[in-house]
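Here is how the chains run, residue by residue.
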Amino acid sequence: MAALHLGFLLVFLILQHIPRGFLVTVQTENGKVEVEEFGETVLSCKYQVEKDPNPRVEWKKIRNRDVSFVYYEGKIVGGFQGRAVMEGASIRIKKAMLLDSGEYRCEVSARQDSRPLGEATVSLTVLVPPDVPSCGIPSSVLTGTVVELTCRDRQGTPPSLYRWYKNGIALPNTPAQDPLFANSSYTLNSSSGTLQFNTVSKGDAGQYQCEASNGVGEPQRCTAKFMQIDDMNVSGIVAAVVVVSLVVSMCGLGVVFAHRHGYFNKEHGRNGSSEYCTAPQDYSQDFKHTQSFML
């Protein structure tokens, strides 16, 4: 029995050392590629086949579940014509555009091989610097109110992060830790670009400006705008409330007076109208008397 087991082991070792042909294999040197807009980059693809002398190479782009050809039947096709070339099985993009972002697949088919198909995937991200952000800064607000300033860049890839400035000085994320802004009460959101004052005060008045940056190109700022803080006119509000109260009171007294004097009573309307209506006269007796007189 031991001799039998030894025989199987020897056969197994011999089979492991028998030379084999290479199956078709496809690989890439960089599975995640980043390039700035209008820059140049390479989507690499290398392959090995078993015995097929003429393997077929194709490149496809997958974006939002849509599949389109980039390299097909030996030529660059679609929107890459004129700005991309083949270097072996790799593609060199000479002028990357934002719409080029997506997933690319290099497919190699060798029909004469044991495994006729192999593929490799490359993810391409085209980086775009931020544009001048759009800022929402009110010109005048009242003390004690909640005020929100907004900042938005719709072009940058990856999405921009935002920083706010007051009178040219960057606002700290935690105002209580900075002596210059210890009396301010605000909340900063660097991702959404909002600057919210929980209770705005006179000390918050000043020139405000927002900056957008994403690590690509130069940061961009919107035009600075002055935000004025006005005191709430309490005396004016009280006077307005008093005037409204007086008007409502006068209207109520007028309704009570009219009701007491019967202006809302239906019988009063009927009696009043009867004073101006007289019953038609009956001339029948006069007519009869005239007739008898004539006789």
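Everything here concerns the structure above.
Residues numbered from 1 in each chain as written. Predicted model: local features only at pLDDT ≥ 70, side-chain atom pairs only at ≥ 80, totals over all residues. Heavy atoms only, no water.

A. Summary view of the overall build of the chain. The secondary structure content of the chain amounts to four helices and 21 strands. Looking at the chain as a whole, 28% of its 295 residues are labelled buried. By sequence separation, contacts in the chain at least 24 residues apart represent 61% of the contacts at least 6 residues apart. (Helix = DSSP H or I, 4+ residues; strand = E, 2+ residues; numbered from the N terminus. Buried < 20%, exposed > 50% of the residue type's maximum accessible area, 1.4 Å probe, protein only. Contact = heavy atoms within 4.5 Å.)

B. Broad picture of the sheet that holds strand 8 (residues 84-87). Pairing in this open sheet of three strands is antiparallel, and the strands run 3-9-8 from one edge to the other. Strands with a single pairing partner mark the edges of an open sheet, and in this sheet they are strand 3 (41-43) and strand 8. Strand-to-strand twist in this sheet, taken as the mean axis angle between neighbours without regard to direction, amounts to 25°. Pairing of strand 8 with strand 9 (residues 90-93), which is carried by four bridges, proceeds in the antiparallel orientation. Its bridge partner being in strand 9, Glu-87 is matched across the sheet by Ser-90. (Pairing = 2+ DSSP bridges. Axes fitted to C-alpha atoms, helices over the stretch in contact; angles between N-to-C directions.)

C. Local environment of the state of the cysteines. Under the defined criterion, the tally for this structure stands at three disulfides. The disulfide partner of Cys-135 is Cys-222, and the S-S distance across this bridge is 2.1 Å. With the S-S bond torsion at -100°, the cross-link from Cys-135 to Cys-222 turns out left-handed. With Cys-135 in strand 12 (residues 134-136) and Cys-222 in the loop between strand 20 (220-221) and strand 21 (225-230), the pair connects residues that are 87 residues apart, well separated along the chain. The disulfide pattern of the chain is 1-2, 3-6, 4-5 when the bonded cysteines are numbered in sequence order. (Disulfide = S-S within 2.5 Å.)

D. Spotlight on unusual backbone geometry. Thr-157 connects to Pro-158 through a cis peptide bond whose omega is 0°. Backbone geometry at Asn-64 places phi at a positive 55°, although glycine is not the residue there. Mapping Asn-64 onto the fold places it in the loop between strand 5 (56-63) and strand 6 (66-72). A relative accessible area of 66% means that Asn-64 is categorised as exposed. At Arg-65, a residue that is not glycine, the phi angle is positive and equals roughly 70°. By the element assignment, Arg-65 lies in the loop between strand 5 and strand 6. Classification of Arg-65 as exposed rests on a relative accessible area of 81%.

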